[in-house]
Amino acid sequence: MAAVGAHDSAAVGSSLDGRALAQACEKAGVVLRYATPADVPRVLELLEQLSPTPAGAPGPDALSMAAAIAERTPGTVSLLAIDVRPGATRGEVLGTCSVASLRRLARGGSMVARLEDVVTDKRSRGRGVAAALCEGAKAEAAKRGAYAIDLRCVPKLAKYYSKFGWNDAGCAMRCNL
């Protein structure tokens with residue numbers, strides 16, 4: 001379990017060292033840590049694999065993203081999966097996700113979390129990186145005192161995420177602004 005938080009001073013702390021998280025990280029050969037402003041270029045590359053920016057459309061604003069990460073925007077944190085396998089490019093960012101939390105007035109001010117932007121580099125898919133990120137997100141939500149963590153995904157990924165404890169909670173709606 002010590003390997004989970006052993007990468008560097010920005011590693012995800014001991015409060016995330018649950019058994020499922022440690023096992024997922026060990027299987028994938030990664031440690032998790034919080035993103036820093038220096039990680040923004042790599043995070044942008046990964047997000048482009050998740051949802052490519054249409055030609056001619058403005059992409060994510062790197063400066064705004066760096067500022068949000070640096071300030072650790074209240075209620076939001078980005079986790080990174082860092083390669084630590086022997087012989088690999090140690091320290092390479094293989095995946096990322098974001099965990100946001102907010103208080104629900106209808107639940108007496110209880111905290112709920114939301115997992116967003118889960119992406120593993122296409123060259124590293126199938127080795128458990130997303131599983132480690134999911135376990136890290138659940139641990140982060142628990143550390144914040146959340147009673148649940150929500151995830152919205154495309155229907156074809158529902159079965160995949162159900163392996164990590166998510167279940168169908170009804171439909172999700174959106175109003176684009």
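Residues numbered from 1 in each chain as written. Predicted model: local features only at pLDDT ≥ 70, side-chain atom pairs only at ≥ 80, totals over all residues. Heavy atoms only, no water.

Engineer: Tell me about the overall build of the chain, residues and numbers included.
Structural biologist: Scanning the chain from N- to C-terminus turns up five helices and five strands. Written out in order from the N terminus, the α and β elements of the chain read α-β-α-α-β-β-β-α-β-α. By the burial criterion, 40% of the 177 residues in the chain qualify as buried. Long-range pairs, those at least 24 residues apart, make up 62% of the contacts in the chain between residues at least 6 apart in sequence. Per element, the accessible surface of the chain, about 10,200 Å² overall, is 55% carbon and sulfur. (Helix = DSSP H or I, 4+ residues; strand = E, 2+ residues; numbered from the N terminus. Buried < 20%, exposed > 50% of the residue type's maximum accessible area, 1.4 Å probe, protein only. Contact = heavy atoms within 4.5 Å. Areas by Shrake-Rupley, 256 points an atom, 1.4 Å probe, with all protein chains shown as cover.)

Engineer: With reference to specific residues and values, describe the pattern of salt bridges.
Structural biologist: A complete count under the given rule lists eleven salt bridges for this structure. Among the salt bridges present, the one from arginine 144 reaches glutamate 140, with a minimum N-O distance of 3.0 Å. What makes glutamate 140 buried here is its relative accessible area of 3%. One network of salt bridges, in which partners are shared, links Arg42, Glu45, Glu92, Asp121 and Arg123. (Salt bridge = Lys/Arg side-chain N within 4 Å of Asp/Glu carboxyl O.)

Engineer: Run through the packing of aromatic side chains, naming residues and quoting values.
Structural biologist: Tallied over the entire structure, the rule returns three aromatic pairs. Both rings, one in tyrosine 160 and one in phenylalanine 164, keep their centres 5.1 Å apart while their planes meet at 75 degrees; by these two values the pair is edge-to-face. Judged by relative accessible area, tyrosine 160 falls into the partly exposed class, the value being 28%. With a relative accessible area of 12%, phenylalanine 164 lands in the buried category. (Phe/Tyr/Trp six-rings, centres within 6.5 Å; stacked < 30°, edge-to-face > 60°.)

Engineer: Help me get a handle on the state of the cysteines, residues and values and all.
Structural biologist: Working definition: the covalent bond between the sulfur atoms of two cysteines is a disulfide. Taken as a whole, this structure holds zero disulfides when the rule is applied. Free cysteine cysteine 153: the closest other cysteine sulfur is in cysteine 134, separated by 9.7 Å. (Disulfide = S-S within 2.5 Å.)

Engineer: Account for helix H4 (residues 129-143), naming residues and giving values.
Structural biologist: Residues spaced three or four apart along an α-helix face the same direction, because each turn holds 3.6 residues. With 15 residues, H4 should cover 21 Å at 1.5 Å per step; its first-to-last C-alpha distance of 21 Å lies within 8% of that length. In terms of burial, H4 is largely enclosed, as twelve of its 15 residues are buried. Taken together, the buried positions of H4 are occupied by Val129, Ala130, Ala131, Ala132, Leu133, Cys134, Glu135, Gly136, Ala137, Ala139, Glu140 and Ala141. (Expected span 1.5 Å × (residues − 1).)

Engineer: Before we move on, could you go through the sheet that holds strand E5 (residues 146-151) and cite the residues and values that matter?
Structural biologist: If you trace the five strands from one edge of the open sheet to the other, you get E1-E2-E3-E4-E5, paired in mixed fashion. In the strand order of this sheet, the two ends are held by strand E1 (30-34) and E5, each with one partner. The sheet shows a mean angle of 25 degrees between the axes of neighbouring strands, taken without regard to direction. Relative to E5, strand E4 (residues 110-120) runs parallel, the two sharing four bridges. The residue of E5 that forms the bridge with alanine 113 is isoleucine 149. Packed onto the sheet, H4 meets E1, strand E2 (76-83), strand E3 (93-104), E4 and E5 and runs at close to 25 degrees relative to E3. (Pairing = 2+ DSSP bridges. Axes fitted to C-alpha atoms, helices over the stretch in contact; angles between N-to-C directions.)

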